[in-house]
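The lines below spell out each chain.
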Amino acid sequence: MIRTVESPPHVSAPVLAAYSYCETVTGQQARNFAYGIRLLPTSKRRAMSALYAFSRRVDDIGDGALADDVKTARLEDTRAMLTRVREGSVDEDDTDPVAVALAHAAETFPIPLGGLDELIDGVLMDVRGESYETWDDLKVYCRCVAGAIGRLSLGVFGTEPGARAGERAPEYADTLGLALQLTNILRDVREDAEGGRIYLPADDLAKFGCSAGFKGSKPPEGADFAGLVHFEVRRARALFAEGYRLLPMLDRRSGACVAAMAGIYRRLLDRIERDPEAVLRGRVSLPGREKAYVAVRGLSGLDARHVTRQTVRRRA
């Protein structure tokens, strides 16, 4: 069972300033993520913002315009900072607020920091321009850049004492991360293609006549683009169904946070399924009122209770 370590009653001014910086980065750069973590108590929200700020730094290096060798060097510099965090050698007056916040979060919660090494490994795959022949190949990448974030987040959330099958919580958190990442890949298919990246497995692209890629607002001539999207949507839904088994293992507010973030992406998936070519015309998103509804639904525990009922029915 994974237990949450309670945060100390006092947080120093330098650490508070570092967390404030991370929360600002989160609020500006990750609207869906920020929407979810607002449902958490202060100590967990701060820790999650520190994880996001580190992850954002890594992603920004990978997505930037620097030469590949410079990106690689900067990613390794970031890994060195992570090593300092792991070794407990980051002082409160360190000039890097992300390092200060992450170090405090790691002292407060049992965060498996190796997941951030996996994130760096995943972004290095982007820098090298790797492509993926099969879903099994793509899963390796998704586990690095998203499954690892699920497991890191679980270190902050913890599981409820006596949670049934609680030992499987990291597995479910990882799977939920895969579901979110596959949804991201579908949503960003044109944007990624314009940047020279194709994430969907080559086997799937060939099966639906889409090997030519996506460079405009229309699918390749003769391609079954809708068939491809619906195929990947079904895969993502199966991952969501498995990953949602995490919800009953979490306390109410942590469960609400996860349900809100996952719920937003599930609704994005619904929109993509209804109009597959929308992802070629622009970025698919949800209006604020719909995000608010998802948050309220998560806070009410409806999603967690639904998962529990389904699990009970399967056992019956």
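Thresholds, definitions, all that
Residues numbered from 1 in each chain as written. Predicted model: local features only at pLDDT ≥ 70, side-chain atom pairs only at ≥ 80, totals over all residues. Heavy atoms only, no water. Core = buried A, V, L, I, M, F, W, Y, C linked by side-chain atoms within 4.5 Å. Buried < 20%, exposed > 50% of the residue type's maximum accessible area, 1.4 Å probe, protein only. Helix = DSSP H or I, 4+ residues; strand = E, 2+ residues; numbered from the N terminus. Phe/Tyr/Trp six-rings, centres within 6.5 Å; stacked < 30°, edge-to-face > 60°. Lys NZ or Arg CZ within 6 Å of the ring centre and 35° of its normal. Contact = heavy atoms within 4.5 Å. Polar contact = N/O pair within 3.5 Å; in protein donor to acceptor, adjacent residues only side chain to side chain. Axes fitted to C-alpha atoms, helices over the stretch in contact; angles between N-to-C directions. Parallel < 35°, antiparallel > 145°, perpendicular 65-115°, else oblique. Left-handed = near helix turned anticlockwise from the far one by under 90°. Salt bridge = Lys/Arg side-chain N within 4 Å of Asp/Glu carboxyl O.

Asker: With reference to specific residues and values, describe the nonpolar core.
Answerer: Counting 100 residues, the largest nonpolar core has F54, L116 and F214 as the members making the most contacts within it. The element that contributes the greatest number of residues to this core is helix α7 (residues 135–157), accounting for eleven residues.

Asker: Before we move on, can you summarise the packing of aromatic side chains with the specific residues and values?
Answerer: This model, assessed by the stated rule, comprises six aromatic pairs. Their ring planes at 35° and their centres at 5.6 Å tell us that Y132 and Y141 sit as a pair that is tilted. Each member of the pair Y132 and Y141 is classed as buried. With a centroid separation of 5.2 Å and an interplanar angle of 25°, the aromatic rings of Y141 and Y199 are classed as stacked. Here the residue Y141 occupies a position in helix α7, and Y199 occupies one in the loop between α9 (189–194) and α10 (202–207), the gap between them amounting to 58 residues. For Y141, a relative accessible area of 4% gives the class buried. Members of the aromatic cluster, connected to one another through ring pairs, are Y132, Y141 and Y199. Against the face of Y244 rests R266, its NZ or CZ located 4.8 Å from the ring centre.

Asker: Explain the environment of D117 to me, using residue names and the numbers behind them.
Answerer: Here D117 is to be found in helix α6 (residues 114–127). Relative accessible area serves as the criterion here: at 16%, D117 is assigned to the buried category. Between the C-alpha atom of D117 and that of T83, which follows or precedes it by 34 residues, the distance is 9.4 Å. Those residues within four positions of D117 in sequence are excluded, and the remaining contacts are R79, L82 and R86.

Asker: Please set out the side chain of S254 residue by residue, giving values where relevant.
Answerer: Take S254: it is sitting in helix α12 (residues 252–274). A polar contact of 3.2 Å, which involves the side chain of S254, links it to the side chain of K44. Once residues within four sequence positions are removed from consideration, S254 is found in contact with L40, K44 and F157.

Asker: I'd like a rundown of the packing of helix α8 (residues 169–187) against helix α11 (residues 225–243), residues and numbers included.
Answerer: Where α8 meets α11, the closest approach of the two axes is 8 Å, and the angle between their N-to-C directions is 155°. Taken together, α8 and α11 sit at an angle that is classed as roughly antiparallel. Read as a crossing pair, α8 and α11 show a hand that is left-handed. Mapping the contact onto sequence places E171, Y172, T175, L176, L178, A179, L180, L182, T183 and L186 in α8 and E232, V233, R235, A236, L239, F240, E242 and G243 in α11.

Asker: Lay out the pattern of salt bridges with the relevant residues and their values.
Answerer: Taken as a whole and judged by the stated rule, the model has 27 salt bridges. Among the ionic pairs, D63 bridges to R197, the shortest N-O distance being 2.9 Å. Linking D63 in helix α3 (residues 42–63) with R197 in the loop between α9 and α10, this pair joins segments that are 134 residues apart in sequence. Given the relative accessible area of 49%, D63 is considered partly exposed. Residue classification places R197 among the partly exposed positions, given a relative accessible area of 21%. The partner of R143 in a salt bridge is D174, and the shortest N-O contact between them spans 2.0 Å.

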